[in-house]
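Structure at a glance
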Amino acid sequence: MFPLTAENKRVAQLLLSTGTCPRCIFRFCGVDFHAPYKLPYKELLSELQKFLEAEEDELVSEVPNPPPKKIRLQEPEDRIDGMDSLSQNGEGKLSVTEDGSSSSKNSNLNVCNVCLGILQDFCEKEFIKKQSLSLGRNDIVQLKEAYKWITHPLFSEELGVPIDGKSLFEVSVVFAHPETVEDCHFLSAICPDCFKPAKNKQSVFTRMAVMKALNKIKEEDFRKQFPCPPDSPKAVCTVLEIECAHGAVFVAGRYNKYSRNLPQTPWIIDGERKLESSVEELISDHLLKVFKAESFNFSSSGREDVDVRTLGNGRPFAIELVNPHRVHFTSQEIKELQQKINNSSNKIQVRDLQLVTREAIGHMKEGEEEKTKTYSALIWTNKAIQRKDIEFLDDIKDLKIDQKTPLRVLHRRPLAVRTRIIHSMETRYVDEHHFRLSLKTQAGTYIKEFVHGDFGRTKPNIGSLMDVTADILELDVESQVVHFGKYLIKNSPPAHNKREGGNFCTWESSQYK
């Protein structure tokens, strides 16, 4: 059954007359089921011809600024050999002559005027609107979706396996078409702020950047630079690369850090490494070897300073392993991997190591400002103090403080004043110049600055509350209450010996109240 209906005829006729291939006509008309895209080009063109010839005179009479009364749809004589796909669709651009006949403007090359470029796709939609025609929907079928529908059966037939759209095995095909990239260059002159070099991007003319520029450019400026409807390209695209890869695997857990000379991530300034290792490397080096992955991305629920220990139930972390060559592990193997990490260094310990989903990782960052953390700090004061001088701190509850971005992080954080809450404090007298302070605070509180005041940038602070000059000598993160919304990572009891591994657990679906 032919996928187009009577309401699509005028749009289909207009598109074909400008050089658009049958498959792109289906995309513009919102054909979102697979079967028609899989058919050979000749069969599609023949069916489209039959469809448009029916009641043609009646259709043409209703089109504003219509093409001539008759349009003869011709099959291109010279087709490019190879896969009947996007870059070799087998379509020639048709032009309509004054006597109503049609001819091919590009009979030696059969290239769709829409398939290969973002501008062409955009311009064709605008052209249809200018003809007072409606596509019947806001979004057309994306080119990459149509490409999947065309190629999936070919892969399945060649490999002898069914296609699973949710499979973690991915085949990436990279096409190049310099001609359509050059078409975008005028946009960078008109909207330079849309095209900024990005990490790991070979070209600034990404789809997102081009679409951003198209939304900003004035219509008259665009029409001066680009034809509407678009012309057919002079050459087909080429395949640069075909890459097979396994989808990323995610590993999560909690870590304790026992060293006051270990950063969370590699500490490199101006290309020079300041310390020999990091929490990230001590964990990920083992995972990369076992999972045989190409690379990784480390993330965590917050971070501690290089001289701060993380004790208690540990800090949640997650590692994305890119293109792993091994993905299946038993619970026992994960336990053994955790133990191997813990035995490799006395600076860290990992617990609750487990395989998780990408969705679960997203929950780790949710509600960070609502989390509570417990700290232990050793405080020094310039004035001699007695036990009675610190007891009043124990009675303070839910103290609101205003923290201007600390000077020590101002180079990487925006200048702002943030309100944070100190939920409770508990003191323990040590001597006339030192005391221990345990605090339960809102996540995101700068504890060091709350103690010494950061030259008045944090108000109030321990120094102002006690009317002394105070400083912090040691700081430990004792615990973190971290809610993951739908997902909750269960805490195992801290090991009595820091060389022992924590109990293995899994991510569970949980409604936390």
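Residues numbered from 1 in each chain as written. Predicted model: local features only at pLDDT ≥ 70, side-chain atom pairs only at ≥ 80, totals over all residues. Heavy atoms only, no water.

Counting its secondary structure elements, the chain contains 16 helices and 18 strands. For the chain, the share of sequence-separated contacts (at least 6 apart) that also reach a separation of at least 24 residues comes to 74%. Carbon and sulfur atoms provide 49% of the accessible area of the chain, an area that totals close to 27300 Å². (Helix = DSSP H or I, 4+ residues; strand = E, 2+ residues; numbered from the N terminus. Contact = heavy atoms within 4.5 Å. Areas by Shrake-Rupley, 256 points an atom, 1.4 Å probe, with all protein chains shown as cover.)

Within strand β10 (residues 348-356), 8 of the 9 residues are buried, which leaves it mostly tucked inside the rest of the structure. Across 7 bridges, strand β5 (residues 249-257) lies against β10 in antiparallel orientation. In the sheet register, Val251 faces β10, and the bridge partner there is Leu355. (Buried < 20%, exposed > 50% of the residue type's maximum accessible area, 1.4 Å probe, protein only. Pairing = 2+ DSSP bridges.)

For the pair helix α1 (residues 9-17) and helix α4 (residues 41-53), interaxial distance at closest approach is 10 Å and the crossing angle is 125°. As judged from the angle between their axes, α1 and α4 are oblique. The two elements α1 and α4 cross, and the hand of that crossing is left-handed. On the side of α1, the interface is formed by Lys9, Ala12, Gln13 and Leu16, while α4 contributes Leu48, Phe51 and Leu52. Its residues assigned to classes, the contact of α1 with α4 comprises 5 nonpolar, 1 polar and 1 charged. (Axes fitted to C-alpha atoms, helices over the stretch in contact; angles between N-to-C directions. Parallel < 35°, antiparallel > 145°, perpendicular 65-115°, else oblique. Left-handed = near helix turned anticlockwise from the far one by under 90°. Nonpolar A, V, L, I, M, F, W, Y, C, P; charged D, E, K, R; others polar.)

Let us look at the packing of aromatic side chains. Going through the model one piece at a time under the given rule, you end up with 12 aromatic pairs. Ring geometry for Phe222 versus Phe226: centroids 5.7 Å apart, planes at 40°, classification tilted. Phe226 sits in the buried class, given a relative accessible area of 8%. Taken together, the ring pairs connect Phe2, Phe26, Tyr37, Phe51 and Trp149 into an aromatic cluster. Over the ring of Phe51 we find Lys9; its NZ or CZ atom is 5.0 Å from the centre of that ring. (Phe/Tyr/Trp six-rings, centres within 6.5 Å; stacked < 30°, edge-to-face > 60°. Lys NZ or Arg CZ within 6 Å of the ring centre and 35° of its normal.)

We now examine the confidence of the model for the chain. For the chain, the average pLDDT comes to 81, and 80% of its residues sit at 70 or higher. For residues 56-109, every residue scores under 50 in pLDDT, and the model assigns this stretch 131 contacts once sequence neighbours within four places are set aside. The low-confidence segment residues 484-513 (pLDDT under 50) makes 84 contacts with residues lying over four places distant or belonging to another chain. (pLDDT = per-residue confidence, 0-100.)

Further remarks concern the packing of helix α12 (residues 279-291) against helix α13 (residues 331-343). One way to put it is that α12 packs onto α13 with a least axis distance of 10 Å and a crossing angle of 140°. On the basis of the axis angle, α12 is oblique to α13. Where α12 crosses over α13, the two elements pack in a sense that is right-handed. Across the interface between the two elements, Leu282, Ile283, His286, Leu287, Val290 and Phe291 from α12 touch Leu337, Lys340 and Ile341 from α13.

Moving on to the environment of Leu355. Here Leu355 lies in strand β10. For Leu355 and Ala252, which are 103 residues apart along the polypeptide, the C-alpha to C-alpha distance reads 6.4 Å.

There is a patch of nonpolar side chains on the surface, built from Phe155, Leu159, Val161, Ile163, Phe169, Val171, Phe175, Val239 and Ile242 and spanning about 780 Å² of accessible area. The element that contributes the greatest number of residues to the nonpolar patch is strand β3 (residues 169-176), accounting for 3 residues. For Phe169, the position within the fold is in strand β3. (Patch = residues over 30% accessible without salt bridge, like charges linked within 9 Å, V, L, I, M, F, W, Y side chains within 5 Å. Salt bridge = Lys/Arg side-chain N within 4 Å of Asp/Glu carboxyl O.)

By the secondary structure assignment, Asn461 is in the loop between β15 (458-459) and α16 (462-466). One polar contact links the side chain of Asn461 to the main-chain carbonyl oxygen of Thr458, over a distance of 2.9 Å. In this structure, Asn461 is in contact with Glu449, Phe450, Val451 and Gly453, ignoring residues within four places of it in sequence. (Polar contact = N/O pair within 3.5 Å; in protein donor to acceptor, adjacent residues only side chain to side chain.)

So, about the side chain of Arg27. Among the secondary structure elements, Arg27 is positioned in helix α2 (residues 22-28). Relative accessible area serves as the criterion here: at 2%, Arg27 is assigned to the buried category. In this structure, Arg27 is in contact with Tyr37, Val114, Asp121, Ile140, Val141, Gln142, Leu143 and Ala146, ignoring residues within four places of it in sequence.

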